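Structural description and commentary
The chain contents come next:
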Amino acid sequence: MRIEPLAADPTALADTPLPRSALQRVVDTGLLRCAVPPALGGTGGTLPDLAAGARHLREHDAETADILLAQRLAIEALVRSRNVALRELWLPDLLAGLRAGTVALDGPPLSGHDTGRGWLLTGRFERIANLPWEGFSLVAPAHLGDGPASWVLLRSEEDGLSVEAPQAAAACGSSERGSALRMNPVFFREDEWLGGPELRTHLAPVAAALSGGQPGAPT
C-alpha cells in the first residue's frame, strides 16, 4: 500500500488514519460477533439485535459506528462467501479486530484486465472508512470479464493500492469522513474471489441494520 505524499506531513498522519483504539472500541462492544453463527466464531443473535446495538452506538459515538459498519460488512462478506479457504484465513482476525476490514458498496466496480495468471484491477473508491495505515482488507466489486461484477478481497499490502488522506480528498471536492482508495493497478489472484453479484443482496440487510435503517429479514 502506498500513502499519497500529502499524508507524509506528521500532523496529517496524526489526523488522517483512524486510530487503532477506534477499532478496539468496536471490538469491545461485542457487535462484530453479533448475528454471526457460533460455528464461525460469532455469538449468534439476530439482525434486529445487531440493529439495536448499532443504533445505540451511533447515538453516542458516530465515528465508531462508522467503523463498526465497515468492519461488520467485511465480516458478513466472508461469512456469506463460498470461498471457505479465504473465510478460514481472514475471518478470525476480522472478528477479533486484529485486522481492519471495509467494503466499497458505492461507486463503479473496478475494471479488470486478464493477464492469464490473474487480473490487474484499476479504479477508485471515495469516502471509505476504517483504513488504518497498519493494514486492512477491502471487499470490492470488480468486473472480471463479461457479465455483472463479482466481489473480491484485496489487501492493503498489495502493490498499486494507494490511500489518499482526507485532506487530499477534500481538495478534490469531497468533505465527508473517510479516505479515497485508488488501484493503479492492483494484482488480483482468483483464489481471493468472494462471490458473484448475489453477495450485494446478502450484504444489504446487514448494511441497513448497521446504518439505522430497517434490517429486514436475512437472505
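Report on the accompanying structure. (Residues numbered from 1 in each chain as written. Predicted model: local features only at pLDDT ≥ 70, side-chain atom pairs only at ≥ 80, totals over all residues. Heavy atoms only, no water.)

1. Some thoughts on the overall build of the protein chain
Applicable threshold: Strands are runs of DSSP state E lasting at least two residues, helices are runs of H or I lasting at least four, and both sets are numbered from the N terminus onward. To sort residues, take the accessible area from a 1.4 Å probe on protein chains only and compare it with the maximum for the residue type: under 20% means buried, over 50% means exposed, and anything in between is partly exposed. Here, residues are in contact when the closest pair of their heavy atoms is within 4.5 Å. Accessible surface area values rest on a Shrake-Rupley calculation with a 1.4 Å probe, where residue burial reflects the displayed protein chains alone.
Summing up its helical and strand segments, the protein chain has seven helices and nine strands in all. A burial count over the protein chain gives 47% of its 219 residues as buried. Within the protein chain, counting contacts between residues at least 6 apart in sequence, those at least 24 apart form 70% of the total. If you sum the accessible surface of the protein chain, you get close to 9,900 Å²; carbon and sulfur atoms cover 55% of it.

2. Points about the nonpolar core
Just so we agree on the cut-off: Among the buried residues, those of types Ala, Val, Leu, Ile, Met, Phe, Trp, Tyr and Cys that are joined through side-chain atoms within 4.5 Å form a nonpolar core.
Ranked by internal contacts, the top residues of the largest apolar core, which has 58 residues, are Leu-121, Leu-154, Leu-181, Met-183 and Leu-194. Among the elements that make up this core, the one with the highest residue count is helix α4 (residues 62–80) (nine residues). When neighbours within four sequence positions are excluded, Leu-154 is seen to be in contact with Leu-110, Leu-121, Phe-136, Ser-137, Leu-138, Met-183, Val-186 and Phe-188.

3. A short note on the pairing of strand β2 (residues 100–103)
To keep things clear, this is the line we draw: Pairing between strands is defined by DSSP: at least two bridges between the two strands are required.
Where burial is concerned, the two faces of β2 agree: the one with Ala-100 and Thr-102 and the one with Gly-101 and Val-103 are both buried. As paired elements, β2 and strand β5 (residues 136–143) share four bridges and run parallel to each other. When the bridges of β5 are listed, Gly-101 appears paired with Ser-137.

4. Observations regarding the packing of α4 against helix α7 (residues 198–211)
This is how it is decided: Axes here refer to lines fitted to C-alpha atoms; in helices the fit is confined to the stretch in contact. Angles between the N-to-C directions go from 0 to 180 degrees. Roughly parallel means an angle under 35 degrees; roughly antiparallel means over 145; roughly perpendicular covers 65 to 115; every other angle is labelled oblique. When the near helix sits turned anticlockwise from the far one by under a right angle, the crossing is termed left-handed; a clockwise turn instead gives a right-handed crossing. Put simply, Ala, Val, Leu, Ile, Met, Phe, Trp, Tyr, Cys and Pro go in the nonpolar bin, Asp, Glu, Lys and Arg in the charged bin, and everything else, Gly too, in the polar bin.
Between α4 and α7, the shortest axis-to-axis distance is 10 Å and the interhelical angle comes to 150 degrees. Between α4 and α7, the interaxial angle falls into the category roughly antiparallel. Like other packed secondary-structure pairs, α4 and α7 cross with a definite hand, here right-handed. On α7, the residues that touch Leu-68, Leu-69, Arg-72, Leu-73, Glu-76, Ala-77 and Arg-80 of α4 are Leu-199, His-202, Leu-203, Val-206, Ala-207, Leu-210 and Ser-211. Here the residues of the contact of α4 with α7 are counted per class, giving nine nonpolar, two polar and three charged.

5. What to know about the packing of helix α3 (residues 47–60) against α7
Running from amino to carboxyl end, α3 crosses α7 at an angle of 35 degrees, the nearest separation of the two axes being 7 Å. Facing α3, whose interface residues are Leu-47, Leu-50, Ala-51, Ala-54 and Arg-58, α7 presents Pro-205, Val-206, Ala-209, Leu-210 and Ser-211. Here the residues of the contact of α3 with α7 are counted per class, giving eight nonpolar, one polar and one charged.

6. Some words on unusual backbone geometry
Here the residue pair Asn-184 and Pro-185 is connected by a cis peptide bond, since its omega of -25 degrees sits within 30 degrees of zero. Along the chain, Pro-185 falls in strand β8 (residues 179–188). A positive phi angle, near 70 degrees, is found at Asn-130, a position not held by glycine. Secondary-structure assignment places Asn-130 in the loop between β4 (119–128) and β5.

7. Re the pattern of salt bridges
The condition is simple: Here, a salt bridge means any side-chain nitrogen of Lys or Arg that lies within 4 Å of a carboxyl oxygen of Asp or Glu.
Tallied over the entire structure, the rule returns 14 salt bridges. Arg-82 serves as the salt-bridge partner of Glu-198, at 3.6 Å between the closest nitrogen and oxygen. Here the residue Glu-198 occupies a position in helix α7, and Arg-82 occupies one in the loop between α4 and α5 (84–96), the gap between them amounting to 116 residues. Judged by its relative accessible area of 33%, Glu-198 is partly exposed. Look at Arg-82 and you get exposed, because its relative accessible area is 62%. The salt bridge partner of Glu-192 is Arg-189, with a shortest N-O separation of 3.3 Å. Overall, the relative accessible area of 27% leaves Arg-189 in the partly exposed class. Salt bridges sharing common partners tie together Arg-155, Glu-158, Arg-189, Asp-191 and Glu-192.

Any link to function would need more than the numbers given here.
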